[in-house]
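# Coordinate inspection notes
Here is how the chains run, residue by residue.
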Amino acid sequence: MEKEFLQIIQKNQGIVHKVCSIYCDIEEDRKDLFQEIVAQLWKSYPSFRKESKFSTWMYRVALNTAITSFKKNKRRPDQKRLSYENFQIAEEKYDTETEENIKLLNRAIAQLTGIEKSIMLLFLENKKYEEIADITGITQNYVRVKMNRIKKKLKKLMVTQD
Amino acid sequence: MELKDLKNTWDKLASNKELDEGQIRELLDKRTRNLLDRIDRNIKIGFVVLFVLILIFALDDFLFSPLLIKGVSENLTIPNWLLFLGGFSNALIFTTFIYFVIKYYRVKKSCDITCNLQETLMRIIDILKIYQRMFYLALFTLLFAMGSGFVSGMYKGFLDGVKQQGIPFSEIQTDQLVLAILIGLVILIISVGAIFIFLRWGFRRLYGNYIQKLKLTLNELKEIND
């Protein structure tokens, strides 16, 4: 089972990386969260009944872990808040416009609350309202309402930052 | 920048941190306990500690103390009410702890990290509340045991002292008696109060903000119903 789990995690690790990126602005925190999510996935893997898609299940565990993670607000002196460059997970070189957009995206997401971040992440990942509702435990209508509010909030933020 | 551009930008963000199977296995091997694992462990340790403590208290009440008192003086005995008080507090601690443990495992079984976000939040808040109540129960029991032990010890010591010296109760000066009681009370209140404040501060520092954060998140998730 371990082999199967490792293979499936390796294949879908992008989900965990994205969740960590959206919730942590410190590299050290990001590593810790990644490890905690993988540990929770491994712990819960035997109970995965394949009733839902693996990615839905993975998002659920990853977001639950990220939102409920218990962090002591200690900052080591050598740790600095990550700038937008660090948010750019890939080491690819982007054109100036994309760089600017990444910067803007990071700033906008940083302004969101924990719940808003998870809904936003699922929206950016092209998840349907039904799946977002399934992951978060709120109704589809509420997801719509919440999404509209987030969009308005983001638009406002982006106008200010532009 | 429009919202659709946000999506395009997001899609361009690909992870370069591709870990291989070996690295993921290493992460799993090195994993540390998270908060809920630690609470779970603490409750299990608490259970063992509780049994040991109750055993020690019972042995102390019914075996060690009578032997010690017998060694000091043949005429001295532990009053029945003091034995009853000891037995009653042990039974109270035991039953309430069992009650909390049953509640804890019931909540724990209700769902796990694979439930949806709302259920997970409610479950963790419930677990932390039970843990908090157990903590306060243990704290109050400890302080009650300290307080009652102190008061009964003072009272018994005073009575025996008076008896041994053969002084009639009426000859004891009221102001001296009041002063002794007051000093005893002040010492008791200061020590019990200090322990309570210190331990409550520690608990709040550890879990208070976390519970608050989770409650806020849950409220945000439920706000549409308001």
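Values in this document were obtained by computation on a predicted structure and should not be read as measured data.

### A look at the nonpolar core
Proteins that are soluble and globular tend to have nonpolar side chains buried together. Membership of the largest hydrophobic core comes to 86 residues, with the highest contact counts inside it found for Tyr23(A), Leu41(A), Met120(A), Leu154(A), Ile39(B) and Leu128(B). Residues lining this core come from more than one domain, with at least three contributed by each of domain 1 (1-87) and domain 2 (94-162) of chain A. Contact partners of Ile39(B), with chain neighbours within four places excluded, come to Tyr104(B), Ile127(B), Leu128(B) and Tyr131(B). Leu139(B), Leu143(B), Leu188(B) and Val192(B) belong to the second largest nonpolar core, which has 5 residues in total.

### Let's talk about the confidence of the model for chain A
Any residue range with low pLDDT should be treated as having predicted coordinates unsuitable for detailed reading. Residues and elements named next belong to chain A. Counting all residues, the mean pLDDT for chain A is 79, and 83% of those residues have values of 70 or more. Element-level mean pLDDT values for chain A span from 42 in helix H4 (residues 84-87) up to 90 in helix H7 (residues 129-136). Contacts of residues 74-91 to residues separated by more than four positions or lying in other chains number 42 contacts, the stretch itself having pLDDT below 50.

### Topic: a nonpolar patch on the surface
Residues and elements named next belong to chain B. Among the surface-exposed residues, Ile 45, Val 48, Val 49, Val 52, Leu 53, Ile 56 and Phe 57 lie close enough to one another that they form a single nonpolar patch of about 580 Å² accessible area. Summarising the element assignment, Val 52 is placed in helix H3 (residues 35-72). Accessibility expressed as a relative area gives 43% for Val 52, which makes it partly exposed.

### Focus on the packing of helix H4 (residues 80-110) of chain B against helix H5 (residues 117-165) of chain B
Residue and element names in this part refer to chain B. Look at H4 against H5: their axes get within 9 Å of each other, and the N-to-C directions meet at 175°. Taken as axis vectors, H4 and H5 run roughly antiparallel relative to one another. The residues of H5 that touch H4, namely those facing Trp 81, Leu 82, Leu 85, Ile 93, Thr 96, Phe 97, Phe 100, Lys 103, Tyr 104, Val 107, Lys 108 and Ser 110, are Arg 123, Asp 126, Ile 127, Ile 130, Arg 133, Met 134, Leu 137, Thr 141, Ser 148, Ser 152 and Tyr 155.

### Observations concerning the interface of chain A and chain B
Tallying the contact residues gives 70 residues for chain A and 47 residues for chain B. Interface area for chain A against chain B, summed over the two sides, is near 5,400 Å², with a carbon-plus-sulfur share of 62%. At the boundary of chain A and chain B, one finds 2 salt bridges. Here Glu220(B) and Lys146(A) are joined by a salt bridge, their closest N and O atoms 3.2 Å apart. The tally of links between chain A and chain B comes to 14 residue pairs in polar contact (both at pLDDT 80 or more). When residues of the side of chain A that touches chain B are traced back to their parent elements, those giving at least two are helix H1 (2-23), helix H2 (27-44), helix H3 (54-68), helix H5 (96-110), helix H6 (114-124), H7 and helix H8 (140-161) of chain A. Tallied by class, the residues present in the side of chain A that touches chain B amount to 31 nonpolar, 20 polar and 19 charged.

### Let's talk about the pattern of salt bridges
Residue and element names in this part refer to chain A. The full count for this structure, using the stated rule, is 8 salt bridges over all chains. One salt bridge in this structure joins Arg 60 and Asp 134, with 3.0 Å as the shortest N-O distance. On the criterion of sequence distance, the pair formed by Arg 60 in helix H3 and Asp 134 in helix H7 is long-range, its members being 74 residues apart. A relative accessible area of 34% places Asp 134 in the partly exposed class. The salt bridge partner of Lys 127 is Glu 131, with a shortest N-O separation of 3.7 Å. Since its relative accessible area comes to 13%, Glu 131 is described here as buried. Members of the salt-bridge network, linked through shared partners, are Lys 53, Lys 127 and Glu 131.

### Let's talk about the domain arrangement of chain A
Much of the literature gives interface size as the accessible area that the parts lose upon coming together. All names here are of chain A. Segmentation of chain A into domains returns domain 1 (1-87) and domain 2 (94-162). Facing the 14 residues of domain 1 at the interface are 17 residues of domain 2. Buried surface at the junction of domain 1 and domain 2, both sides included, amounts to about 1,600 Å², of which 66% is carbon and sulfur. The salt bridge partner of Lys 53 is Glu 131, with a shortest N-O separation of 3.7 Å. At the junction of domain 1 with domain 2, the criterion picks out 6 residue pairs in polar contact (both at pLDDT 80 or more).

What counts and how
Residues numbered from 1 in each chain as written. Chains lettered and ligands numbered in written order. Predicted model: local features only at pLDDT ≥ 70, side-chain atom pairs only at ≥ 80, totals over all residues. Heavy atoms only, no water. Core = buried A, V, L, I, M, F, W, Y, C linked by side-chain atoms within 4.5 Å. Buried < 20%, exposed > 50% of the residue type's maximum accessible area, 1.4 Å probe, protein only. Domains from an automatic or database assignment. Contact = heavy atoms within 4.5 Å. pLDDT = per-residue confidence, 0-100. Helix = DSSP H or I, 4+ residues; strand = E, 2+ residues; numbered from the N terminus. Patch = residues over 30% accessible without salt bridge, like charges linked within 9 Å, V, L, I, M, F, W, Y side chains within 5 Å. Areas by Shrake-Rupley, 256 points an atom, 1.4 Å probe, with all protein chains shown as cover. Salt bridge = Lys/Arg side-chain N within 4 Å of Asp/Glu carboxyl O. Axes fitted to C-alpha atoms, helices over the stretch in contact; angles between N-to-C directions. Parallel < 35°, antiparallel > 145°, perpendicular 65-115°, else oblique. Buried area = accessible area lost by both parts, 1.4 Å probe. Polar contact = N/O pair within 3.5 Å; in protein donor to acceptor, adjacent residues only side chain to side chain. Nonpolar A, V, L, I, M, F, W, Y, C, P; charged D, E, K, R; others polar.

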